[in-house]
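# Commentary on secondary and tertiary structure
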Amino acid sequence: MKHKTYIFFFLFGLFLVPQTNFAQIDYNKTPDDDLGEVEDNKQEYFFEALKQKGIENYDRAVTALLKCIDIDDSQSVFYYELGKNYNKLKNFGEAEDALKKAVKMEPDNEWYLDELYDVYAQQDDYDKAIKTVKQLVKYHPDYKEDLATLYVKTKNYDEALKVLDEMDAELGLSMTRDIIRNQIYAATGRKKEQIENLEERVEDNPDEESNYLALIYRYSENGEKEKAFETAKKLLEIKPNSQLVHLALYKFYLDNEDADKAIESMKIVLQSSRIKPDAKMMVLADFVKFVAANPEYENDLVETTSIITEDNNGTSYLEVAQYFLKKGEKDKALNYYQKALKLDSDNFGILRNILLLQLDLKNFEEAESVSRETLTKFPSQPVFYLINGVALNELKKPNEALESLETGLDYIIEDDQMEADFYQQMSVAYTLLNNTVKAKTFSDKAKQLESSN
């Protein structure tokens with residue numbers, strides 16, 4: 001909807017001041033009738049209405065405008081302002097009546113028609129809205145887009161497509177109009193017609209990359225993979241530097257077991273500055289899955305991630321870290337988790353995985369210092385107290401371990417396994433302190449919780 005704000009102050013003078021020309025005027029003469037007072041009152045009420053509307057006192061604005069109309073019902077702007085205020089009050093019936101009077105006085109006033117359109121649109125009165133927008137189209141072609149949308153809402157899809165075709169021919173292609181067009185195709189199931197439209201675009205504009213990409217997508221969606229592949233290869237011939245086309249090509253290459261070309265395309269996608277991070281992550285996930293099945297290409301994965309254009313949270317490094325973790329290569333997994341942490345230093349999951357790997361790799365000093373630092377960020381997360389306690393026990397610092405473990409116990413909520421882990425580590429600490437009684441007590445508590453699960 002095209003909403004506009006207009007200032008009428010300069011226009012009002014045209015009707016607030018009498019237009020009759022006099023040869024001579026005596027400005028000091030006392031008026032011999034009350035016309036001057038009437039004009040003053042009308043002007044006063046009108047500006048009062050504008051003031052009240054400006055501070056959102058729409059009821060008072062309506063009252064002032066009705067007084068204006070009582071004095072002079074020949075001014076269309078009074079009805080226009082009255083309609084606007086009724087519209088703000090959601091009094092749509094009165095708003096429509098006032099605005100229709102304004103339009104009747106000035107049938108070609110775009111502002112009046114636009115406000116009337118807004119009244120109908122708010123009520124979802126699509127038939128009246130269409131009638132009004134048809135009048136507005138002659139002032140601004142972009143109202144045609146509203147018209148197409150209204151036709152879609154009334155399921156008049158043929159008329160909507162006709163309007164969209166006219167706009168495309170007059171103004172060129174538009175993403176917003178394509179969205180409307182795709183809604184129509186989806187609602188009507190006209191996939192063939194949709195593809196034919198895209199094929200015509202490619203033929204009419206052979207240098208336009210977006211047309212090829214849209215056609216590739218629709219072919220793929222329709223199960224016509226060969227046509228999609230051929231279109232992608234054609235785009236690459238026309239635009240050999242295209243990066244977006246590789247979002248499609250790598251899939252086709254993988255399906256055809258052309259590993260070298262698939263990897264080449266994936267590398268282009270992952271290093272592209274034009275491709276969004278979400279799309280890159282989908283490709284990277286496929287890359288990791290491919291390398292898991294074809295480990296001879298692992299160096300390509302490592303090489304690509306070392307020079308990848310990173311998103312803001314290190315997701316690409318996480319994908320590779322998880323790949324190495326599944327392979328059991330914990331050193332490599334830790335390396336990539338640490339790279340990811342540099343880009344997202346407050347990520348709970350990354351920190352937990354790093355600390356658990358540090359314990360697995362027996363990097364106890366590192367695990368202790370990092371977990372201690374992490375507790376300043378996450379002081380109520382028991383897992384970090386547990387890790388800290390384990391590391392301190394391994395470093396033969398049982399008193400500090402007990403302090404950390406006892407604090408962390410208070411944060412456990414309905415997690416018997418974690419509570420058992422805490423008791424087991426407290427048993428270890430008391431064993432280090434040669435307190436066998438307490439060591440057995442906490443060991444028994446741990447076993448009791450584990451057996452109850």
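Residues numbered from 1 in each chain as written. Predicted model: local features only at pLDDT ≥ 70, side-chain atom pairs only at ≥ 80, totals over all residues. Heavy atoms only, no water.

## A short note on the environment of Glu-419
Spelled out, the test is: Numbering of helices and strands starts at the N terminus; helices are DSSP runs of H or I of at least 4 residues and strands are runs of E of at least 2. Working rule for contacts: check all heavy atoms of both residues, and any pair within 4.5 Å makes them a contact.
Residue position: Glu-419 is located in helix α24 (residues 416-432). Linking Glu-419 and Leu-409, residues 10 residues apart in sequence, is a C-alpha distance of 7.0 Å. In contact with Glu-419, not counting residues within four places along its chain, are Leu-409, Ile-412 and Leu-449.

## Side note on a negative patch on the surface
Put simply, the rule reads: Only residues whose relative accessible area exceeds 30% and that form no salt bridge are eligible for patches; like-charged ones are grouped when within 9 Å, while nonpolar side chains (Val, Leu, Ile, Met, Phe, Trp, Tyr) are grouped when within 5 Å. Per-residue and other accessible areas were derived by the Shrake-Rupley procedure at a 1.4 Å probe size, with only the shown protein chains allowed to occlude residues. The salt bridge definition used is simple: a Lys or Arg side-chain nitrogen within 4 Å of an Asp or Glu carboxyl oxygen. For the charge count, each Lys or Arg is scored as positive and each Asp or Glu as negative, with His and the chain ends excluded. Taken as the charge centre is NZ of Lys, CZ of Arg, CG of Asp or CD of Glu, depending on the residue. The cut-offs for exposure are 20% and 50% of the maximum accessible area for each residue type, with area from a 1.4 Å probe on protein chains only; residues under the lower value are buried, those over the upper are exposed, and the others partly exposed.
A contiguous patch of negative charge on the surface is contributed by Glu-196, Glu-200, Glu-203 and Asp-204. You can see Glu-200 is positioned in helix α11 (residues 191-204). Taking the relative accessible area as the measure of exposure, Glu-200 reaches 49% and is therefore partly exposed.

## Overview of the packing of aromatic side chains
Spelled out, the test is: Two rings from Phe, Tyr or Trp (for Trp, the six-membered ring) form a pair when their centres sit within 6.5 Å of each other. Planes less than 30 degrees apart are called stacked, planes more than 60 degrees apart edge-to-face, and all others tilted. Only Lys NZ and Arg CZ are tested; either one counts as a charge over a ring when it is within 6 Å of the ring centre and within 35 degrees of the ring normal.
Under the definition given, this model contains 15 aromatic pairs. Measuring from centroid to centroid gives 5.6 Å for Phe-348 and Phe-378, while their planes differ by 75°, and the two rings are edge-to-face. Highlighted residues: Phe-348 in helix α20 (residues 348-360) and Phe-378 in the loop between α21 (364-377) and α22 (382-394), separated in sequence by 30 residues. For Phe-348, a relative accessible area of 26% gives the class partly exposed. On the basis of an interplanar angle of 40° and a centroid distance of 5.8 Å, the ring pair of Phe-378 and Phe-384 is categorised as tilted. Given the relative accessible area of 18%, Phe-378 is considered buried. The buried category is assigned to Phe-384, whose relative accessible area is 0%. Site record: aromatic cluster; members linked through ring pairs are Tyr-317, Tyr-323, Phe-324 and Tyr-336. Positioned above the aromatic ring of Tyr-336, the side-chain terminus of Lys-339 is 4.8 Å from the ring centre. Note that Lys-445 overlies the ring of Tyr-423, its terminal NZ or CZ placed 5.3 Å from the centroid.

Everything listed is a geometric property; what it means functionally is a separate question.
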